[in-house]
Amino acid sequence: MSLKCHLLHVCCAPDLVIAYLAGARGDVFFYNPNIHPKEEYEKRKHEVLKVARLFNLEVVEAEYDPENFFKSVRGLEHEPEGGKRCRVCFELRLRKTASVVKELGYASFSTTLTASPKKDVHTVNEVGKTVALETGTVYLANVYRKSPTYNDAQRLTKLLGIYRQNYCGCTFSRRVEQDENSSER
Ligand code: SF4
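Computed from a predicted model, the values in this text were never measured in an experiment. All residue numbers refer to position in the chain's written sequence, counted from 1. Note on the predicted model: pLDDT of at least 70 is required for a residue's local features to be given, and 80 or more for side-chain atom pairs to be given and counted; whole-chain, interface and lining totals, by contrast, use all residues. Side-chain metrics in this entry use all non-hydrogen atoms of the structure; hydrogen atoms and water are not considered.

Any two side chains of opposite charge can pair, on the condition that their charged atoms come close. Should a side-chain nitrogen of Lys or Arg be within 4 Å of a carboxyl oxygen of Asp or Glu, the pair is scored as a salt bridge. Under the counting rule described, the total for this entry stands at nine salt bridges. Two residues, Arg44 and Glu40, come together in a salt bridge whose shortest N-O distance is 2.8 Å. Of this pair, Arg44 and Glu40 both sit in helix H2 (residues 38–54), four residues apart, roughly one helical turn. Considered together, Arg44 and Glu40 belong to a single accessibility category, that of buried residues. A cluster of three or more residues bridged by salt bridges with shared partners is formed by Arg87, Glu91, Arg95, Glu126 and Glu134. Numbering goes from the N terminus for both helices and strands, where a helix is a DSSP run of H or I of at least four residues and a strand is a run of E of at least two. Only protein chains enter the area calculation, which uses a 1.4 Å probe; residues under 20% of their type maximum are buried, those over 50% are exposed, and those in between are partly exposed.

Here is the structure:
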């Protein structure tokens, strides 16, 4: 098997723009079974494919298996955003990425999850390193949201008309967002 370079787990198009401007390269892997509902998943995926084409990045196909997410976070439904459920959610996505790294022979992997100002980047990177250790793969830690090109990426995202979601992704984070919006009215 010939060695491929890098597999970049991508959570959404705006974060791919941030990571790319910060220097991230590699094949794009959009594995996010946490996203709910399916129409939202399709919308985010569509935008990621658009940005991948724009930056001339190859895309590795990934399945949408939300039942895997719901099974993994059972019992953690009422956790706040940033709590235990999110750690499980990161792990689910990075374990899948690591399995593809092994299967297709990539040298390393990383994730755009650290581009989001709302994510606990320490936890993301710690999970990435643990998964790599356990699977015999190489995880490249990053903190894309601290990149000096962060503001440029925000401008570019706006300029390109890229869809920017207003909740993290799962049905639980969506509910919180909806509740907050209705209490503001
Ligand atoms: S809030 Fe975001 S990171 Fe946390 S479980 Fe939901 S989708 Fe995953």
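Turning to the site of the ligand, a few remarks are in order. Residues are classed as near a molecule or strand on a simple rule: at least one heavy atom within 4 Å of it. Taken together, the neighbourhood of the ligand is formed by Asn34, Glu81, Arg85, Cys86, Cys89, Phe90, Arg93, Cys168, Cys170 and Ser173. Polarity classes work like this: nonpolar for Ala, Val, Leu, Ile, Met, Phe, Trp, Tyr, Cys and Pro, charged for Asp, Glu, Lys and Arg, and polar for all others, with Gly in that last group. Here the shell around the ligand is composed, by residue class, of five nonpolar, two polar and three charged.

Looking now at the side chain of Arg93. Relative to the helices and strands, Arg93 resides in helix H4 (residues 84–104). Although Arg93 is buried, it forms no salt bridge, and the closest oppositely charged side chain is Asp15 at an N-O distance of 8.3 Å. In what follows, a contact means two residues having at least one pair of non-hydrogen atoms within 4.5 Å. With residues near it in sequence (within four places) discarded, Arg93 still touches His9, Cys11, Tyr31, Asn32, Pro33, Asn34 and Leu113. Working convention for charge: Lys and Arg count positive, Asp and Glu count negative, and His plus the chain ends are omitted.

The next thing to look at is the pairing of strand S1 (residues 4–9). Strand pairing is defined by DSSP finding a minimum of two bridges between the two strands. In the sheet, S1 pairs with strand S4 (residues 106–111) via five bridges, with the strands oriented parallel. Across the sheet, residue Leu7 finds its bridge partner in S4, namely Phe109. As defined by bridge partners, S1 adjoins strand S2 (residues 27–29) across three bridges and the pair is classed as parallel. Bridge assignment links Leu8 to a residue of S2, and that residue is Val28. A right-handed crossover is one whose linking path, passing over the helix from the first strand to the second, runs clockwise when the strands point away from the viewer. This β-α-β element, S1 to helix H1 (residues 13–21) to S2, shows right-handed connectivity.

If you trace the four strands from one edge of the open sheet to the other, you get S3-S2-S1-S4, paired in parallel fashion. Two strands in the sheet have a free side with no partner beyond their single neighbour: strand S3 (59–60) and S4. Geometry is summarised by axes, namely lines fitted to C-alpha atoms with helices restricted to the contacting stretch, and by angles between N-to-C directions that run from 0 to 180 degrees. Across the sheet, H4 touches S1, S2, S3 and S4, and the angle it forms with S4 is around 165 degrees.

Moving on, we come to the packing of aromatic side chains. Centre distance within 6.5 Å is the pairing criterion for rings of Phe, Tyr and Trp, where only the six-membered ring of Trp is used; planes under 30 degrees apart are then read as stacked, over 60 as edge-to-face, and the remainder as tilted. Tallying each qualifying case throughout the model produces seven aromatic pairs. Summarising the aromatic geometry, the rings of Phe29 and Tyr31 are spaced 6.2 Å apart at their centres and angled 15 degrees between planes, so their arrangement reads as stacked. By the burial criterion, Phe29 is buried, and Tyr31 matches it. Definition used: whenever NZ (Lys) or CZ (Arg) falls within 6 Å of the ring centre and also within 35 degrees of the ring normal, the charge is taken to sit over that ring. A cation over an aromatic ring shows up here: Arg25 above the ring of Tyr20, its NZ or CZ 3.7 Å from the ring centre. Above the plane of the ring of Tyr31 lies Lys96, whose end atom (NZ or CZ) is 5.6 Å from the centre.

Let us look at the nonpolar core. Among the buried residues, those of types Ala, Val, Leu, Ile, Met, Phe, Trp, Tyr and Cys that are joined through side-chain atoms within 4.5 Å form a nonpolar core. Core analysis: the biggest nonpolar cluster contains 27 residues, and Leu7, Phe29, Val60, Phe69, Phe90 and Phe109 have the highest contact counts within it. Sorting the residues of this core by element identifies H4, S4 and helix H5 (121–135) as the ones contributing at least two each. Look past the residues within four positions of Leu7 in its chain and what remains in contact with it is Asp27, Phe29, Val60, Thr97, Val100, Val101, Tyr106, Ser108, Phe109 and Ser110. Grouped together as the second largest cluster of nonpolar side chains are 24 residues, Leu8, Phe55, Tyr64 and Ala153 included.

Let's shift gears to the UniProt feature "binding site: [4Fe-4S] cluster" (unreviewed entry) in the protein. UniProt positions are given in the numbering used here, feature names are shortened, and annotations may be inferred rather than shown by experiment. Sites flagged by UniProt as "binding site: [4Fe-4S] cluster" (unreviewed entry) map to Cys11, Cys12, Cys86 and Cys89. Positionally, Cys12 belongs in the loop between S1 and H1. Excluding anything up to four places from it in sequence, Cys12 contacts Phe30, Val48, Thr112 and Gln165. The topology assignment puts Cys89 in helix H4. The residues touching Cys89, leaving out its near neighbours within four places in the chain, are Asn34 and Phe69.

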